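Structural characterization, general
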Amino acid sequence: MSQSRSYGKLRAVVVLPFLLAFASVAGAQAITGKVSDAAGLTPISGARIHVVGTTTGTQTRNDGTYRIAIAPGTYVLRVSSIGYVPRTDTVVVGASGAVRDYALQKGGVQLDVAVVTGTRALDRTVASSPVPIDVLSHTELTGTGRVETAQMLQAAAPSINFPRPTIADGSDHVRPMTVRGLGPDQTLVLINGKRRHTSALVNINGTIGRGSTGVDLNAIPSEAIDHIEILRDGAAAQYGSDAIAGVINIVLKSDATMDATLQLGSNYTINQRRSVDDYQTDGDLATAAANAGGILKNNGFYHVTGQYNHRGSTDRSLPDARTQYLAGNPNNASYIPQIHFRSGDALVNEYGGFLNGALPTMDNGMQVYGFAGITRREGESAANWRQALNNNTVRGIFPHGFLPFILSTIDDMAGTVGVRGNAMGWAWDVSGSYGRNTFDYNLRNTNNATMGMQSPTTFFAGSLKADQRLLNLDFVRQFDISTLSGPLNVGLGGEFRRDGFAMGAGDEASYKDGGVKVLDGPNTGAQPAPGAQGFPGYRPSDASDNGRTSTALYADLEANVLPKLLVGIAGRAEHYDDFGGTQNGKISGRYAFTPWLALRGALQNGFRAPSLSQKYFSATSTNFLNLGAGLVPVEVRTLPVASGAAKALGAKDLTPETSINKSLGLVLTPRPSASLTIDYYRINIDDRIIFSGNFTGTAMTNFLASQGFPGVGSARFFTNAIDTKTRGVDVVGRYARDMGEIGISRFTVGYNQTRSFVTRVSATPPALASQQAVLFDRIERGRIEVGQPHNNLSFNLDHTANPLSLNFHVQRYGEVGFRGSAANSSLDQTFSPKWITDVSLSYSLPRNTRITIGSDNVFDIYPDLQIPGNSNSNIFPYNGISPFGFNGRFVYVRARWER
């Protein structure tokens, strides 16, 4: 009931006022017109018309026409299209609007675009920015068959990694994404320039990003996105916590278009567990999406997106040849190895919608704006197979063993409402935001063995919730100062944020010890593990509801101090009620040696506040250990860092991670149709928060009992245990060429080289050292140092010759590695680089319909097989560390209609 009330409240507060306003107004002041080819006067579709100094803009329709709703005033328009010389024009909009037609000359191809991320100046572009920024259009994002936002980003930006963990509990449902080889929680995500809330999920299993909580990018429907700006530089002094690796700003669609998209696809791949001539199909994909936008008077607009994604599960596990039944069972003699596990993508059904809009500008120049979205994802992944001979199998319920399934229900909701205007030369913006993500765990096809034949086979195992409340106030103004070569852009502002994290207990059957012993077999009377098999539920002792607040003030200055020298200075002071204050600064610059060659760089310090989930996450299950007096129940605990048991083991209160970012780069733009950027970076992070290894054993249990915490058999907690150094280089090249009747080609090449090193490890606390425990083990060090690609190369060719267009995308994922424990270093393995090729062909039909057929991973490439003995390699041939997964070839067809 509380969830339904929350959804209703969000709709009432955010969505309903917009819908009422949109229904009540019609007609508008606007700039309208048509963009044509100057030679033949044929219409140009997809041309970009942008109001310089703002985020307002649109694209021409198929007939070349366009419409931009805007208040009366004088504006500068920039009109551009690949293959044509861009135009800049001053337009005066009166009470009846304005009409402007443009005839573009062929011969020039303009790649530079305006940006709003990493700067508060109104006229900054990609090439003129002092720090590296990528701008990915919706066309670039949809150039392959991928429909998940995170996968689209990985294909388009080499600095992004998005591995596909499997059999990793909740991480199968919210897969972590990283930038520049750092953690998922070290990249800040914005929507329309406003901070996005994080997922509720804590990645506690053996995956990349273990111990982190990142933003669930896939909760943002890809069809709602106009473009994405990726700031590849630290920006804590500008945006606050988390912006160590960079910033991803997702800009929602705001144009007055209407379209619908349907995509169907499936993996069609050689079955690796049978013969090379045998194919299998799985991972069926079905996506349906629609957009509708409209223009209101006085600069008002609305844009609504709805999207549904279905992704079927995949499985690349091998037949299970192990003995399945108790000794003497006749089924052992007749058993033929079968597929028992499910190693691959989880099954997902996801549906949601986004609204982006603004009310008409008032007579006093103020405007109310807002955006909101609601997404629900229902997933199903598998745990490990339970054999019939296992003491935790109730053989009266599952005589042949069973495969537990973890079911997720992930609800994500967010909304922002703001008012903007101008006063005394200052452009001001005040806004309030609320975002929430909840993760409910359910299980099916499993049992609680301690309940015997009375055990249910379905369980509710508990819930997680993360939420965020924001208040932002921003001011921007330009000052003309005679001693400077250009206006001084001044940005000032403040932010108030309240973060929350809560855990809810599962039903009693999901965690309790029902008192029933093993009912049959040679271990009759033995003690099975309490709780639901596959995922023991959260207990009432784990449940909590925690929050904290922070306040921040910032100042941002930017100006051309010399004709060729742009300098930016930013500072931010922030105070958290749980650990105190932090101050961060940034200086950046760009020097133009010539109109086509510039040097740029930045130096800054940054921070990332420990997340509430890292402070308060708690989980408990029970195992039975032989402590000298028979089997004794002991708790396996993930300890909140402030708990008594954690303190007894030497845990300390978490402090912020602190960073120093340095970057230096070259920008080459020898012609409007070609650009090349090369940026070196170095990121040092101190007091990085990690999730410790498991501290276990009889001595550990006895030690904790002596400290007043009896029955704890295994423990782990979060800690500021390490310092790291990350260094690398990004290279991005773009080139576009108009070949006349043959068509227009656009080439993009991207390369990222990244290496991370652990430079310091905190001494193991005496309480742990005395138990021969290690705070930060070799496996975790391997995930940081070799677990992500050291290099990534991508090449993309998009060629359009109406009505045909071809997209050819090749990506080389560099080697990744796995390290075993100190006692099992023989399991170390390096997985070799792989080339993945994606191809698609599109054809425009009458009535504004476009058909695309394509294949991702067209050559059916898989990662290297795991070495024998590594992670059940006789059952799981592939490691989930693979940056491109292990599903094989994907074939799809997409139909798109627009008006």
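Calculation notes
- Residues numbered from 1 in each chain as written.
- Predicted model: local features only at pLDDT ≥ 70, side-chain atom pairs only at ≥ 80, totals over all residues.
- Heavy atoms only, no water.
- Helix = DSSP H or I, 4+ residues; strand = E, 2+ residues; numbered from the N terminus.
- Rg over C-alpha atoms; globule rule 2.2 N^0.38 Å.
- Areas by Shrake-Rupley, 256 points an atom, 1.4 Å probe, with all protein chains shown as cover.
- Lys, Arg positive; Asp, Glu negative; His and termini not counted.
- Charge placed at Lys NZ, Arg CZ, Asp CG, Glu CD.
- Core = buried A, V, L, I, M, F, W, Y, C linked by side-chain atoms within 4.5 Å.
- Buried < 20%, exposed > 50% of the residue type's maximum accessible area, 1.4 Å probe, protein only.
- Contact = heavy atoms within 4.5 Å.
- Polar contact = N/O pair within 3.5 Å; in protein donor to acceptor, adjacent residues only side chain to side chain.
- Pairing = 2+ DSSP bridges.
- pLDDT = per-residue confidence, 0-100.
- Phe/Tyr/Trp six-rings, centres within 6.5 Å; stacked < 30°, edge-to-face > 60°.
- Lys NZ or Arg CZ within 6 Å of the ring centre and 35° of its normal.
- Axes fitted to C-alpha atoms, helices over the stretch in contact; angles between N-to-C directions.
- Salt bridge = Lys/Arg side-chain N within 4 Å of Asp/Glu carboxyl O.
- Patch = residues over 30% accessible without salt bridge, like charges linked within 9 Å, V, L, I, M, F, W, Y side chains within 5 Å.

1. What about the overall build of the protein chain?
Across its full length, the protein chain carries ten helices and 43 strands. Compactness check: the protein chain gives a C-alpha radius of gyration of 28 Å against a globular reference of 29 Å for 899 residues, within 12% of the reference. Dimensions of the protein chain along its principal axes, counting C-alpha atoms only, are 90 × 60 × 55 Å. When the accessible area of the protein chain is evaluated, it comes to approximately 34,200 Å², of which 57% is carbon and sulfur surface. For the protein chain, the separation between the mean place of its 80 positive charges and that of its 72 negative charges on side chains is 2 Å.

2. A short note on the nonpolar core
The nonpolar side chains of a soluble globular protein tend to be buried with one another. Counting 52 residues, the largest nonpolar core has Tyr441, Leu464, Phe617, Leu649 and Phe717 as the members making the most contacts within it. When neighbours within four sequence positions are excluded, Tyr441 is seen to be in contact with Gly170, Leu201, Ile406, Leu407, Phe459, Phe460, Ala461, Gly462, Leu464, Phe535 and Tyr538.

3. With respect to the side chain of Ser222
You can see Ser222 is positioned in the loop between strand S13 (194-195) and strand S14 (225-231). Only 3.1 Å separates the side chain of Ser222 from the backbone oxygen of Val147, close enough to count as a polar contact.

4. Some thoughts on the pairing of strand S36 (residues 744-761)
Where strand S35 (residues 718-738) lies against S36, 17 bridges are found, and the strand directions are antiparallel. Across the sheet, residue Ala736 finds its bridge partner in S36, namely Arg746. Where S35 folds back on S36, the antiparallel hairpin that results is connected by five residues, among which Gly740 adopts a positive phi of roughly 65°. Direction of pairing for S36 relative to strand S37 (residues 791-801): antiparallel, over a ladder of ten bridges. Across the sheet, residue Gly750 finds its bridge partner in S37, namely Ser794.

5. So, the confidence of the model for the protein chain
Across the protein chain, the average pLDDT comes to 88, with 90% of residues at or above 70. Note on residues 1-28: pLDDT is under 50 here. Beyond four places in sequence and across chains, it has 51 contacts. Here residues 626-631 is modelled with pLDDT under 50, and outside its nearest four sequence neighbours on either side it reaches ten contacts, counting other chains as well.

6. Structural notes on the packing of aromatic side chains
How two aromatic rings sit relative to each other is set out by the distance from centre to centre and by the angle between their planes. All chains considered together, the criterion is met by 19 aromatic pairs. Grouped by ring-pair contacts, the aromatic residues Phe439, Tyr441, Phe535, Tyr538 and Phe617 constitute a single cluster. The positively charged end of Arg180 is found above the aromatic ring belonging to Tyr681, 3.6 Å away from the centroid. The ring centre of Tyr369 lies 4.3 Å from the NZ or CZ of Arg420, which sits over that ring.

7. So, helix H10 (residues 778-785)
Along H10, the residues classified as buried are Glu780, Gly782, Arg783, Ile784 and Glu785. Its buried side turned inward, H10 meets strand S32 (674-691), S35 and S36.

8. Structural notes on the sheet that holds strand S9 (residues 133-137)
Pairing is mixed in the open sheet, where five strands are placed in the order S9-S14-S15-S12-S13. Each having just a single partner strand, S9 and S13 make up the two edges of the open sheet. Running over the sheet, helix H3 (residues 149-156) touches S9, S14 and strand S15 (246-252) and is turned about 55° from S14.

9. Description of the sheet that holds strand S2 (residues 48-51)
If you trace the four strands from one edge of the open sheet to the other, you get S3-S2-S5-S6, paired in antiparallel fashion. Both outer strands of the open sheet, strand S3 (57-59) and strand S6 (87-93), are each paired with one neighbouring strand and no more. Neighbour-to-neighbour, the strand axes of the sheet open up by a mean angle of 20°, direction not taken into account. Judged from the four bridges that link them, S2 and strand S5 (residues 73-80) form a sheet pairing that is antiparallel. Directly across from His50, in S5, lies its bridge partner Arg78.

10. Digging into the environment of Thr88
Checked against the element boundaries, Thr88 lands in strand S6. Sequence spacing of Thr88 and Gly418 is 330 residues, and the spatial spacing of their C-alpha atoms is 30 Å. Not counting the four nearest positions on each side in its chain, Thr88 is found in contact with Val76, Leu77 and Arg78.

11. Re the environment of Pro337
With respect to the helices, strands and loops of the structure, Pro337 is situated in the loop between helix H5 (331-334) and strand S19 (347-358). A sequence separation of 16 residues divides Pro337 from Ala321, and the C-alpha atoms of the two residues are 4.8 Å apart. In contact with Pro337, not counting residues within four places along its chain, are Pro319, Asp320 and Ala321.

12. With respect to the pattern of salt bridges
Evaluation of the coordinates by the stated rule reveals 48 salt bridges. Taking the shortest distance from any N to any O, the salt bridge between Arg180 and Asp730 comes out at 2.9 Å. Of this pair, Arg180 sits in the loop between strand S11 (178-179) and strand S12 (187-191) while Asp730 is found in strand S35, placing the two residues 550 residues apart along the sequence. A relative accessible area of 2% places Arg180 in the buried class. A single network of salt bridges, built from pairs that share partners, joins Glu495, Arg497, Asp499, Arg548, Arg572, Glu574, Asp578 and Lys615.

13. What about the side chain of Ser855?
With respect to the helices and strands, Ser855 occurs in strand S42 (residues 849-856). Within the structure, the side chain of Ser855 is placed 3.1 Å from the backbone oxygen of Phe890, a separation counted as a polar contact. If we ignore the near neighbours within four places in the chain, the residues touching Ser855 are Thr837, Asp838, Val839, Arg889, Phe890, Val891 and Tyr892.

14. Here we look at a nonpolar patch on the surface
The grouping of Leu262, Leu264, Leu804, Leu806, Leu841, Tyr843, Leu845, Ile853 and Val893 at the surface amounts to a nonpolar patch, some 740 Å² of accessible area in total. Elements supplying a minimum of two residues to the nonpolar patch: strand S16 (258-270), strand S38 (804-813) and strand S41 (834-845). Residue contributions to the nonpolar patch peak at three residues, all from S41. Topologically, Leu262 is positioned in strand S16.

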